Amino acid sequence: MHARTLEAPATVGSSEVRELLKVERLTKKYGEHTAIADISFTVHEGEFVVLIGPSGAGKSTLLRSINRMIEPTSGHVWFDGMQVDALDKKGLRELRRKIGMIFQHYNLVDRLSVIENVLHGRLGYKSILTGSLGMYQAQEKERAMELITMLGLEEHTYKRADQLSGGQKQRVGIARALIQNPRLLLGDEPIASLDPKAAKTIMDYLKSIAHTLNISMIISLHQVQVALTYADRVLAVRQGRIVYDGLPRDLSLERVRDIYGADAGDLIIDTGDRHVD
Amino acid sequence: MSLDKSESIQNIVTQSGRLAASGRSIKVKPLSKSRLTMRITMIALAALTIYGFFVFDYKNISPWQGTIDMLTNFKTMFLSPHLAHLTFWEGAYAIVVTLAMAVLTTLISAFLAFFLALFAAQNLSNHTVARSIQAVAAFIRSIPTVLWVLIFAISAGLGSVAAIVGMSFHSISYLTKAYAESFEEMDQGLIEALRATGAHWWHIVFQAVLPMSLTYLISWTFMRFEINFGVSVAMGAAAGAGGIGFDMFMASAFYHDLREVGAITYYILVVAFLLEMLSLRMKSAVRGKMI
Ligand SMILES: Nc1ncnc2c1ncn2[C@@H]1O[C@H](COP(=O)(O)OP(=O)(O)O)[C@@H](O)[C@H]1O
Ligand SMILES: [Mg+2]
């Protein structure tokens, strides 16, 4: 709601929209090896940021440093008024429930039903006992049903997660993230294991969620064409550094070649249809 | 491209055809150092066994006569069983006592081992803690159950309590290892996904680790229960823990009643058979539901 009123003057410059995430000089080293180096950027409310870069560039490391699934070596992260790098254990839990996360391999509990998996998104709000026993409040269950319906999964509500197709599993993953009431959603190659049709469905859902629920997104992708279609903004990393931060329309083929370096040859095929992996 | 491929496949086909025709054999397992050691050990053991038969002190009993005597004893035992020193229902009660010891041991062990295994699993616990628990459990496992029971029998006195505590010791370390290995099978991504929602460690244990490993836990527990039943029989005799094992000990060592030993063996066989059936049933039921 709030953001919508802010969006009108945003035509002057996007700096008018509230900042949600600010990353400053973030670095992660594994021994001598630097996975990400000196990364700085900001993300605004409701913004759809796509992260691209060749394999091993540091996309996963960057995403996980934001919610501290990986502990950065140095640098700062501010999220919604919290200084992420200074949080204690309790603060970290609070942070994580405000940030949803989806994955390439969905990471659902295969042996539980769709609705149970969705409700797992509420665990960050639960006490040890109620959460362990899987006791959820009526309104949490109602919200789960709403999200399941919204994502077109209502006929699968009580099916076991392993009976679903990849695209359906990813929608369960999205529902599990959304029930957290997040302000930001991180996606680590969420469509990399999907066929083009399912991938498009997922990207369409993410785009509409970003706009209707005003949830910011940082999604890593390895299909440049998809990135250009959906992104409000593209962040490109190469060898742990940001090499492009700007609008998708300003990203020329030359820049793309630059970003992917020697891998650019494969990339031309990649920007068209999905490649088989 | 595709032409290339089919050509190369044809090549392989004809080549393998030629190989088969020439009858050249390919060694799949090369004769490595460890395999060689293994082979030498086996040959040495076989030689020793045969040599042993020639140098045993048979005390004027020929092996032939001994075998016949043994078979005669077996015949008395199993073809004419009877109960002399206990009634049918006393026998049934004794086997219930033995079963109860096994059940109790298994329940106590399963419960404690579950929590120990959580801290012994590399993916759920601190590396040092996991290593330490694994090491202690391995040490306990290396000492036979019977010895543990005797150790507790000395400190707690003979009887069923010592037997149960002693048996539990070994059971716990066995199940801890088995459970921890089941937990370690878990997909790391799943744990990560739940941690990323802000879930507590215990939430992850009960909402993801437990449902994903339940089938394994049940199989391992039941397997241990069957072991514990056998051990309970032995402990009845060795530690005076009561139950059917004690009756069997009395029948053989005290009354020298072979026919009663036979009858008691039948009791144990029937129960072991029922357990096996139950185990099979349970496994297929769990499979049907979980997999
Ligand atoms: N746990 C780790 N230990 C050591 N090096 C790692 C680890 N995780 C990632 N790296 C290294 O960090 C770099 C960035 O990896 P990653 O973030 O997974 O890249 P991407 O997701 O873009 O493919 C790679 O060079 C990778 O080898
Ligand atoms: Mg990655």
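Presented here is a report on the structure given in the accompanying data block.

Criteria and cut-off values
- Residues numbered from 1 in each chain as written.
- Chains lettered and ligands numbered in written order.
- Predicted model: local features only at pLDDT ≥ 70, side-chain atom pairs only at ≥ 80, totals over all residues.
- Heavy atoms only, no water.
- Helix = DSSP H or I, 4+ residues; strand = E, 2+ residues; numbered from the N terminus.
- Buried < 20%, exposed > 50% of the residue type's maximum accessible area, 1.4 Å probe, protein only.
- Contact = heavy atoms within 4.5 Å.
- Areas by Shrake-Rupley, 256 points an atom, 1.4 Å probe, with all protein chains shown as cover.
- 1 Å grid on protein atoms, 1.4 Å probe; cavity = no way out; pocket = protein on both sides within 12 Å on 5 of 7 lines; lining within 4 Å.
- Points joined across faces, edges and corners; volume = space filled by probe spheres on them.
- Nonpolar A, V, L, I, M, F, W, Y, C, P; charged D, E, K, R; others polar.
- Buried area = accessible area lost by both parts, 1.4 Å probe.
- Salt bridge = Lys/Arg side-chain N within 4 Å of Asp/Glu carboxyl O.
- Polar contact = N/O pair within 3.5 Å; in protein donor to acceptor, adjacent residues only side chain to side chain.
- Pairing = 2+ DSSP bridges.
- Axes fitted to C-alpha atoms, helices over the stretch in contact; angles between N-to-C directions.
- Arc of directions from axis to C-beta.
- Patch = residues over 30% accessible without salt bridge, like charges linked within 9 Å, V, L, I, M, F, W, Y side chains within 5 Å.

Time to look at the overall build of chain A. A tally of regular secondary structure across chain A gives 11 helices and 10 strands. With 277 residues in all, chain A has 55% of them scored as buried. Within chain A, residue pairs in contact and separated by at least 24 positions form 69% of the contacts whose partners lie at least 6 positions apart. Counting only carbon and sulfur atoms, one obtains 51% of the accessible surface of chain A, whose full area is about 12500 Å².

With that settled, the discussion passes to unusual backbone geometry. All names here are of chain A. Phi at Asn181 is positive, roughly 60°, even though this residue is not glycine. One can find Asn181 in the loop between helix H7 (166-178) and strand E7 (184-188). With phi around 50°, Glu189 is a residue other than glycine that occupies positive phi space. Take Glu189: it is sitting in the loop between E7 and helix H8 (196-212).

Quantified by volume, the largest pocket comes out at close to 450 Å³. If you trace the largest pocket, you find 17 residues lining it, with Lys89 and Arg96 of chain A together with Arg195, Ala199 and Trp201 of chain B closest to the centre. Going through the elements one at a time, helix H3 (89-97) of chain A together with helix H8 (188-196) and helix H9 (201-238) of chain B are the ones with two or more residues in the lining of the largest pocket. Taken together, the residues that form the lining of the largest pocket break down as seven nonpolar, three polar and seven charged.

Listed by partner, the interface residues are 30 residues for chain A and 23 residues for chain B. With both chains or domains summed, chain A and chain B bury close to 2200 Å², and 57% of this area falls on carbon and sulfur atoms. By the criterion of area lost to chain B, the three top residues of chain A are Met69, Arg111 and Ser132 of chain A, representing 28% of everything that side buries. The interface formed by chain A and chain B holds one salt bridge in total. One salt bridge in this structure joins Glu192 of chain B and Arg64 of chain A, with 2.4 Å as the shortest N-O distance. At the boundary of chain A with chain B, the tally comes to nine residue pairs in polar contact (both at pLDDT 80 or more). The set of elements that each furnish at least two residues to the side of chain A that touches chain B consists of H3, strand E6 (99-103) and helix H5 (128-133) of chain A. Among the elements that make up the side of chain A that touches chain B, the one with the highest residue count is H5 of chain A (four residues).

We now examine the pairing of strand E2 (residues 33-44) of chain A. Residues and elements named next belong to chain A. Both strand E1 (residues 19-30) and E2 contribute to a ladder of eight bridges, which runs antiparallel. Counterpart to Tyr30 in the pairing with E2 is His33. Taking the residues that link successive antiparallel strands as the turn, the E1-E2 hairpin has two residues, and the phi of Gly31 there is positive, at about 60°.

On a regular strand, each side chain points to the face opposite its neighbour's, so the side chains alternate between the two faces of the sheet. Residue and element names in this part refer to chain A. In this structure, E1 lies alongside strand E4 (residues 74-79), joined through five bridges in antiparallel fashion. Within the sheet, the bridge partner assigned to Thr27 lies in E4 and is Ser74. In the sheet, E4 pairs with strand E5 (residues 82-83) via two bridges, with the strands oriented antiparallel. Looking at the pairing, Phe79 lines up with Met82 of E5. Counted along the chain from E4 to the antiparallel partner E5, the turn is two residues long, and its residue Asp80 has a positive phi close to 50°.

Our next topic: the sheet that holds E5 of chain A. Residue and element names in this part refer to chain A. Strand order in the open sheet made by the four strands is E2-E1-E4-E5, with antiparallel pairing throughout. If you trace the sheet from one side to the other, it starts and ends with E2 and E5, each paired once. In the packing of helix H2 (residues 59-66) onto the sheet, the strands contacted are E1, E2 and E4, and the crossing angle to E2 comes to about 60°.

Residues and elements named next belong to chain A. Restricting attention to buried positions, one finds in helix H10 (residues 253-260) the residues Val256, Ile259 and Tyr260. Down the axis of H10, the sector holding all buried residues measures 85°, keeping them to one side. Relative to its buried face, H10 has exposed residues pointing more than 90 degrees away, namely Glu254 and Asp258. Positive phi appears at Gly261, one or two residues downstream of H10, with a value of about 55°.

All right, on to a nonpolar patch on the surface then. On the surface, a nonpolar cluster with roughly 1200 Å² of combined accessible area is contributed by Met38, Met42, Leu45, Leu48, Ile50, Tyr51, Phe53, Phe54, Val55 and Phe56 of chain B. As for its position among the elements, Tyr51 of chain B is in helix H2 (residues 33-55).

Whether parallel or antiparallel, the strands of a sheet pair through hydrogen bonds between backbone atoms. Residue and element names in this part refer to chain A. Ordered by their spatial adjacency, six strands build an open sheet running E6-E7-E8-E3-E9-E10, and the pairing between neighbours is mixed. In the strand order of this sheet, the two ends are held by E6 and strand E10 (241-246), each with one partner. Ignoring which end each strand starts from, the neighbouring axes of this sheet average 15° apart. For strand E3 (residues 48-52) and strand E9 (residues 233-238), the ladder comprises four bridges, and the chain directions are parallel. What sits directly across from Val49, in E9, is Arg233.

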